[in-house]
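For reference, the chains in residue letters:
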Amino acid sequence: MQNFEQKYDVLIAGTGVAGLCCALHLPGDMRVLMLTKSTAEESDSFLAQGGICMLRGQEDFAGYFEDTMRAGHYENDEGAVRQMIAESPSMIEELIAEGVRFARDEKGSLRFTREGGHSRPRILFHDDVTGKEITSTLLAKVRTLPNVRIAENCTLVDLLCEENECFGGVVRDDAGCLHAVYADFTLLATGGVGGLFRNSTNYPHLTGDALAMALRHGVAVEHLDYVQIHPTTLYSARKGRRFLVSESVRGEGAVLLDKRGNRFCNELMPRDIVTGDIRVQMQKDGTDHVWLDMRPVGEKTLREHFPTICAQCIEEGYDPFGAPIPVVPAQHYFMGGIKVDLDAKTSMSRLFAAGETACNGVHGKNRLASNSLLESLVWARRAAAVMTKNRENGIRRRPSADFSRYEDGEMLQKEYAKLVREEAEREAYHD
Ligand SMILES: Cc1cc2nc3c(=O)[nH]c(=O)nc-3n(C[C@H](O)[C@H](O)[C@H](O)COP(=O)(O)OP(=O)(O)OC[C@H]3O[C@@H](n4cnc5c(N)ncnc54)[C@H](O)[C@@H]3O)c2cc1C
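A quick note: this is a predicted structure, and the numbers were derived from the prediction, not measured.

What counts, and at which threshold
Per chain, the residues get numbers from 1 upward, laid out in the order the sequence is written. Local features in this predicted model are restricted to residues of pLDDT 70 or higher, and side-chain atom pairs are both shown and tallied only at a pLDDT of 80 or more, whereas totals for entire chains, interfaces and linings draw on every residue. Side-chain numbers here rest on the full set of heavy atoms in the structure, without hydrogens or water. When a residue's accessible area, from a 1.4 Å probe over protein chains only, is under 20% of the maximum for its type it is buried; when over 50% it is exposed; and in between it is partly exposed. Strands here are runs of E lasting at least two residues and helices are runs of H or I lasting at least four, both read from the DSSP assignment and numbered beginning at the N terminus. Pairing between strands is defined by DSSP: at least two bridges between the two strands are required. With its strands directed away from the observer, a crossover is right-handed exactly when the path from the first strand over the helix to the second travels clockwise. Only a pair of cysteine sulfur atoms within 2.5 Å qualifies as a disulfide here. When we say a residue is near a molecule or strand, we mean one of its heavy atoms is within 4 Å of it. The definition of a polar contact used here is a pair of N or O atoms within 3.5 Å, where within protein one atom must be able to donate a hydrogen and the other to accept one, and adjacent residues in sequence count solely through side-chain atom pairs. The protein chains shown are the only cover counted for residues, whose accessible areas, like all others here, come from Shrake-Rupley with a 1.4 Å probe. Residues are sorted three ways: Asp, Glu, Lys and Arg are charged, Ala, Val, Leu, Ile, Met, Phe, Trp, Tyr, Cys and Pro are nonpolar, and all the rest, Gly among them, are polar.

(A) Structural detail: the pairing of strand 1 (residues 7-13). The element strand 1 is extensively covered by neighbouring structure, given that seven of its seven residues are classed as buried. Alignment of strand 1 against strand 8 (residues 178-188), held across six bridges, turns out to be parallel. Bridging from a neighbouring strand, K7 pairs with Y182 of strand 8. Across four bridges, strand 1 lies against strand 2 (residues 32-36) in parallel orientation. Bridge assignment links A13 to a residue of strand 2, and that residue is L35. Crossover strand 1 to strand 2 through helix 1 (residues 17-24) is right-handed.

Structure follows, in structure tokens:
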């Protein structure tokens, strides 16, 4: 059981890159409570394989902008896309200063790779475990901060709010006890919605809880039906989280094959297009998967750049160096979410959202590969700046919470899942 302080300056739900980056950017004299529904290492941020985008120079601004817009079917918010691209070099500089090690060439210069939808290489990576490299570095740093407490296995179950103003949240701790935790500012950084799907690359505990809370309290949300399916996850007849075979493998030359061993699509098109092509091919072939031939990448590059993917294939009984591996599309990313402005502010006063749970318009209808770690970091940094600027303006009320409606955790989770699904279906119907 946990003993929380009655009031914090900032309450952060989620310890992925978004939550951690916000905590890191708050001044050392602001008291911060971070919650994570699981352990701090179990977030999708740890799973990111491919990499993180960066603007390499002004000459690439228009190209990077166009690639992001094209992937998003031009439904993106142009201001948000510009902000993400413009802030990418300083964000990467910060990560490197914190100790994140990106791949470099023999001369020590940063190495860039390319993924589907990108017109040129602009993605930084660390082997095929870029997310782990970034997130573990940030987590280690946050753990040294005396003003930040990380409470593991503690779940935000609702917002404490009145008259469109947020005063913190209701927390279920690791012993199942409920607490009212008050805060001047609250950041929702609870990640995606993969846990609501049968096949997903996400952790199953990511069930869109913050979205459900937003819906309950009339906080604006957007595009809940914009769900990205990743074209290539390792096929398995077993249940559970699907293992992702990163786009960079295709960026480096891997090709998709039908059951006769013929190529059937352009592997470097954006994700939704490749996914559509694979689905059509599976239907034509009457198969549960197609094949990905990674041999064109070359054994040396495969071993050096994609060791985790290769190891997983071998563990599942496939030889990535000798034959094609079976792959199938699965739910991967959520473009919709709690609507936020360029500073990560939601429609509710004192309430912010960043990362996959937020929708700032960067991704439009479909996310360009390797834009989400970057976007999560940029908006989390902005949220921290606004909270810092307004720190003198603390809460003056502490509305009480009726705990009886949260007592049955399972029921609440089902109710939340239903809320999100119904809203997603309603949006899809109206589109
Ligand atoms: C397999 C895989 C590969 C990927 N590869 C890439 C890539 O190469 N490049 C890229 O840019 N992006 C990639 N992504 C996407 C990217 O990893 C995520 O979009 C990003 O990490 C989201 O970060 P986040 O901080 O918003 O959420 P997450 O990292 O998912 O963290 C969510 C946090 O919220 C907590 N939480 C959830 N609900 C609650 C609750 N009710 N109360 C308290 N805590 C809660 C969780 O425990 C967790 O700590 C990939 C994703 C996956 C799954």
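(B) Structural detail: the sheet that holds strand 9 (residues 221-222). With mixed pairing, three strands are arranged side by side in an open sheet as 9-14-16. Each edge of the open sheet is held by one strand with a lone partner, namely strand 9 and strand 16 (358-359). By the bridge criterion, two bridges tie strand 9 to strand 14 (residues 337-339) in an arrangement that is antiparallel. Counterpart to V221 in the pairing with strand 14 is I338.

(C) Representation of the state of the cysteines. One pass over the full model with this rule turns up zero disulfides. As a non-bridged cysteine, C22 has C21 as the owner of its nearest cysteine sulfur, 7.5 Å distant. A relative accessible area of 0% places C22 in the buried class.

(D) Representation of the site of the ligand within the structure. What surrounds the ligand is a group of 38 residues, the closest being S45, G51, D209, E356 and S372. In this structure, an oxygen atom belonging to the ligand sits 3.0 Å away from a main-chain N or O atom of T15. D44 places a polar main-chain atom, nitrogen or oxygen, 3.2 Å from an oxygen atom of the ligand. If the ligand stood free it would expose 1000 Å²; the protein chains cover 99% of that surface. The set of elements that each furnish at least two residues to the shell around the ligand consists of helix 1, strand 2, helix 2 (44-47), strand 6 (155-162), strand 13 (325-334) and helix 11 (372-389). Sorting elements by how many residues they give to the shell around the ligand places helix 2 first, with three residues. A per-class count over the shell around the ligand returns 12 nonpolar, 21 polar and five charged.

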